[in-house]
Amino acid sequence: MKAIKFEKPWDVACVGMEKPVPGPGQALIKVKTAGICGSDIGAFRGTNGLVSYPRVIGHELAGVIESVPEDNPKGLKVGDHVIVDPYLYCGHCYPCSIGRTNCCTDLHVLGVHVDGGMAEYFCHPADMLVKMPENMDWILAAMAEPLTISLHGVHRGGLKAGEYCAIYGAGPIGLLAGLVAEAYGAHAILIDIVQERLDFAKELGIEYIVNSGREDPVSVVSEITGGNMAQLVMECTGANACIRGSLDLVSNAGRITFTGWPKKETSLPTDVFTRKEIDIRGARTSAGEFEEAIELITSGRVDVRKILTKTISLEEAPETIIDIEKNPGSYMKVVVEMP
Ligand SMILES: [Zn+2]
Ligand SMILES: [Zn+2]
């Protein structure tokens with residue numbers, strides 16, 4: 001079979017591999033769609049410190065079950081359409097014991113710590129597959145995983161209807177977070193420095209956009225919120241200036257979630273935590289959020305198709321990854337479609 005492999009940073013190819021054989025408890029999946037993620041571009045550049053090489057990428061996956069153990073816990077059957085939950089956890093550490101499996105102390109993420117599924121076939125624990133509706137579009141199914149990341153940030157931030165939610169970063173995760181916020185009845189304020197991304201977000205129904213290269217987000221957010229500032233600030237860039245800036249945008253008694261991965265440490269004035277009495281929470285991957293993502297997509301409450309830039313074949317993936325690395329502003333979501 002064919003698979004997309006990073007031999008080392010800056011070295012991507014569509015390679016021939018043995019079709020995988022499922023181990024105990026695993027299902028064999030014929031992959032139908034696989035999304036390309038910003039984190040894959042980080043892995044290509046060698047700037048994602050968690051990735052080891054060589055590595056088959058791909059963690060945004062949907063496909064058809066070709067074989068599955070008969071006694072699998074979810075009662076999945078051959079022919080079922082499934083989405084892959086790509087965060088493998090140990091099940092017995094402290095965070096796992098309280099259901100916070102996404103921050104397992106021995107977390108293995110597909111395409112990062114272990115080989116992913118941007119390939120014709122893939123084996124995965126049957127209990128880590130989420131059944132999707134038979135009539136759900138394969139391309140949209142590959143976008144459920146990035147939606148769970150945004151959803152997790154929104155859940156960690158406890159966003160409620162009527163609140164203001166300021167979001168740093170108009171890439172796929174920030175934009176989807178904004179669409180979730182709107183679907184929850186909150187008011188999204190999306191902040192970025194790329195005007196094209198902001199204009200696009202506005203077209204998709206994001207209520208407020210702020211170009212922080214041209215105007216001061218603090219005064220704009222203050223004006224929008226009548227001086228209260230945002231009850232929730234979501235940081236989806238990992239840029240040190242945005243992490244620092246979240247403290248200025250959050251309301252007193254507000255919440256901040258950090259989803260972006262900074263490359264360097266950020267210095268923060270901790271007196272602001274106390275003075276405003278804010279809750280600062282990390283938000284990493286997702287846990288138990290695939291069902292809601294599928295519901296939001298299939299009901300049309302979050303129209304993920306709007307962020308699809310294009311679909312490509314598996315063979316086109318290497319050249320596309322190279323081009324996304326060069327021109328990241330020209331792409332939102334690209335999905336590999338298999339016959
Ligand atoms: Zn991803
Ligand atoms: Zn664990």
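Everything quoted here is computed from the prediction, not taken from an experiment. (Residues numbered from 1 in each chain as written. Chains lettered and ligands numbered in written order. Predicted model: local features only at pLDDT ≥ 70, side-chain atom pairs only at ≥ 80, totals over all residues.)

Concerning the overall build of the protein
Looking only at helices and strands, the protein has 11 helices and 18 strands in total. Against the 2.2 N^0.38 benchmark of 20 Å for 339 residues, the protein shows a C-alpha radius of gyration of 20 Å, consistent with a compact globule. With respect to the three principal axes, the spread of C-alpha positions in the protein is 60 × 40 × 35 Å. Going through the 339 residues of the protein one by one, you find that 46% of them count as buried. Here the contacts in the protein between residues at least 6 apart in sequence split such that 69% fall between residues at least 24 apart. (Helix = DSSP H or I, 4+ residues; strand = E, 2+ residues; numbered from the N terminus. Rg over C-alpha atoms; globule rule 2.2 N^0.38 Å. Buried ≥ 20, exposed ≤ 12 C-beta atoms within 10 Å, placed from the backbone. Contact = placed C-beta atoms within 7 Å.)

Here's the deal with the domain arrangement of the protein
Here the protein is partitioned into domain 1 (2–142 + 303–337) and domain 2 (149–282). Here the C-alpha centroids of domain 1 and domain 2 sit 28 Å apart. If you look at the interface, domain 1 gives 7 residues, while domain 2 gives 7 residues. Residue classes in the side of domain 1 that touches domain 2 are distributed as 2 nonpolar, 3 polar and 2 charged. (Domains from an automatic or database assignment. Nonpolar A, V, L, I, M, F, W, Y, C, P; charged D, E, K, R; others polar.)

Topic: the nonpolar core
Note that soluble globular proteins tend to have their nonpolar side chains buried in a common cluster. In this structure, Leu147, Cys165, Ala166, Ile167, Ile189, Leu190 and Ala230 are the most contacted members of the largest nonpolar core, which totals 96 residues. Considering each element in turn, this core owes the most residues, 7 residues, to helix α5 (residues 172–183). In this structure, this core is formed jointly by two domains, domain 1 (2–142 + 303–337) and domain 2 (149–282), each of which donates at least three residues. If near-sequence neighbours (up to four positions away) are discounted, cysteine 165 is found in contact with Leu159, Ala181, Ala186, His187, Ala188, Ile189, Ala230, Leu232 and Met234. (Core = buried A, V, L, I, M, F, W, Y, C linked by C-beta atoms within 7 Å.)

Here we look at the sheet that holds strand β1 (residues 2–8)
The strand order β2-β1-β4 describes an open sheet built from 3 strands, whose pairing is antiparallel. Unpaired on one side and paired on the other, β2 (11–16) and β4 (55–56) mark the two borders of the sheet. Two elements, β1 and β2, share 6 bridges in a ladder whose sense is antiparallel. In the sheet register, phenylalanine 6 faces β2, and the bridge partner there is valine 12. Running over the sheet, helix α11 (residues 317–326) touches β1 and β2 and is turned about 165° from β2. (Pairing = 2+ DSSP bridges. Axes fitted to C-alpha atoms, helices over the stretch in contact; angles between N-to-C directions.)

Description of helix α6 (residues 195–203)
Taken residue by residue, α6 has Arg197, Leu198 and Ala201 as its buried positions. Angular distribution of buried residues about the axis of α6 spans 100°; they occupy a single face of the element. Those residues of α6 that are exposed and angled more than 90 degrees off the buried face are Glu196 and Glu203. Residues of α6 that are buried sit in contact with α5, β12 (187–192) and β13 (208–211). The positive-phi residue at the C-terminal boundary of α6 is glycine 205, with phi of around 110°. (Arc of directions from axis to C-beta.)

So, the pairing of strand β14 (residues 230–235)
As a general feature of sheets, a regular strand has side chains that alternate between the two faces. When you tally the buried positions in β14, you get 6 out of 6 residues, the bulk of the element. Bridge analysis of strand β11 (residues 164–168) against β14 gives 4 bridges, and the strand direction is parallel. Each residue of the ladder has a partner; that of cysteine 165, found in β14, is leucine 232. Running through helix α8 (residues 240–249), the crossover from β14 to the neighbouring parallel element strand β15 (residues 250–258) is right-handed. (Right-handed = clockwise from strand over helix to strand, strands pointing away.)

Observations regarding the sheet that holds strand β16 (residues 279–282)
Backbone-to-backbone hydrogen bonds pair the strands of a sheet. The strands run either parallel or antiparallel. The 6 strands lie next to each other as β13-β12-β11-β14-β15-β16, forming an open sheet whose pairing is parallel. Among the strands making up the open sheet, the edge pair consists of β13 and β16. With direction set aside, neighbouring strand axes in the sheet form an average angle of 20°. Against the sheet, α5 makes contact with β11, β12 and β14, and its axis sits at roughly 165° relative to β12, the strand it touches most. Contacting β12 and β13, α6 crosses the sheet at an angle of about 175° to β13.

Structural notes on the packing of helix α1 (residues 38–45) against α11
Running from N to C, α1 and α11 cross one another at 90°; their axes reach a closest spacing of 10 Å. Classified by the angle between their axes, α1 and α11 sit roughly perpendicular to one another. Across the interface between the two elements, Asp40, Ile41, Phe44 and Arg45 of α1 pack against Ile321, Ile324 and Glu325 of α11. Grouping the amino acids of the contact of α1 with α11 by side-chain chemistry returns 4 nonpolar, no polar and 3 charged. (Parallel < 35°, antiparallel > 145°, perpendicular 65-115°, else oblique.)

Section: the pairing of β12
Among the 6 residues in β12, 6 count as buried, and that is most of the element. Pairing between β11 and β12: 5 bridges, direction parallel. Among the inter-strand pairings, isoleucine 167 is bridged to a residue of β12, identified as leucine 190. Two strands pair when backbone bridges link them, and β12 and β13 are joined in this way by 4 bridges, in the parallel orientation. Of the residues in β13, the one forming a bridge with isoleucine 191 is valine 210.

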